[in-house]
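Structural features, examined
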Amino acid sequence: MKNILLHPMYFGSIAQYVAIAQSESVTFENQDNYQKQTYRNRTYIYGANGKLLLTIPIKHLGKGKRQLYKDVRIENDFEWQDLHWKSLQTAYRTSPFFEYYEDEFAPLFNHKKEFLLDFNYECMQVIHDCLQLDLSFSKTSTFQSDPETITDLRDLVNAKKENAHPLATYIQVFSEKYGFIPNLSILDLLFNEGTNTLTYLEHQSIF
């Protein structure tokens, strides 16, 4: 894959990062309408009771009203940051690499954030730093429903309609209890595989 188009996600899925790791350049969609039940504001991790959903609450404009993704504000009346960080600690404190990376992620949950899109870019930057991924990316200035000069992978943001990707197994913290769960948040792969994460991503196929 040379040039790809993606939606910014909240600690995106492993499939998204397979695409990123194997591309020459990435363009992130900044001009789309916000949609519910996508990885824009949710991510799945492997908890003690199996697959666990973490969702960032957002401020809604009201029934039937649309807003651009870049204009979506986070609802900070809920203590979601504390909940998400404690969930990550509980899920991954016994994983091989959580302690190695936790100081990189903890600051993301220490200060209230206003805009969802801005926060997702912050999260992505931390992931890229941990992966030592030298990523060249740009942001769209207009919305195109059917772009012709770039590989459109925006469907990867769909949490409810995602395809089953043939991803290789790796050891997960609770896999002896519930088996291997594929295509979780990139955090699951990072905390379990650590410095081998980028190599794993470069050897997968999502097509």
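**Looking at the environment of Gln125**
Following the sequence through the fold, Gln125 ends up in helix α4 (residues 116-131). Note on Gln125: relative accessible area 37%, which makes it partly exposed. Each C-alpha atom, one on Gln125 and one on Tyr178, is 31 Å from the other, the two residues being 53 residues apart in sequence.

**With respect to unusual backbone geometry**
Notably, Phe11 is not glycine yet its phi reads approximately 45°, a positive angle. By the secondary structure assignment, Phe11 is in the loop between β1 (3-6) and α1 (14-21). The exposure class of Phe11 is buried, given its relative accessible area of 2%. Even without being glycine, Asn183 reaches a positive phi, approximately 55°. Looking at the element boundaries, Asn183 is found in the loop between α5 (175-178) and α6 (186-193).

**A few points about the sheet that holds strand β5 (residues 137-139)**
Taken in spatial order, the four strands make up an open sheet running β5-β2-β1-β6, and their pairing is parallel. At either margin of the open sheet sits one strand with a lone partner, and together these are β5 and β6 (151-152). The pairing of β1 with strand β2 (residues 25-28) spans four bridges and is classified as parallel. Across the sheet, residue Asn3 finds its bridge partner in β2, namely Ser25. Helix-sheet contacts for α1 involve β1 and β2, and the interaxial angle to β1 is about 150°.

Rules and cut-offs
Residues numbered from 1 in each chain as written. Predicted model: local features only at pLDDT ≥ 70, side-chain atom pairs only at ≥ 80, totals over all residues. Heavy atoms only, no water. Helix = DSSP H or I, 4+ residues; strand = E, 2+ residues; numbered from the N terminus. Buried < 20%, exposed > 50% of the residue type's maximum accessible area, 1.4 Å probe, protein only. Pairing = 2+ DSSP bridges. Contact = heavy atoms within 4.5 Å. Axes fitted to C-alpha atoms, helices over the stretch in contact; angles between N-to-C directions.

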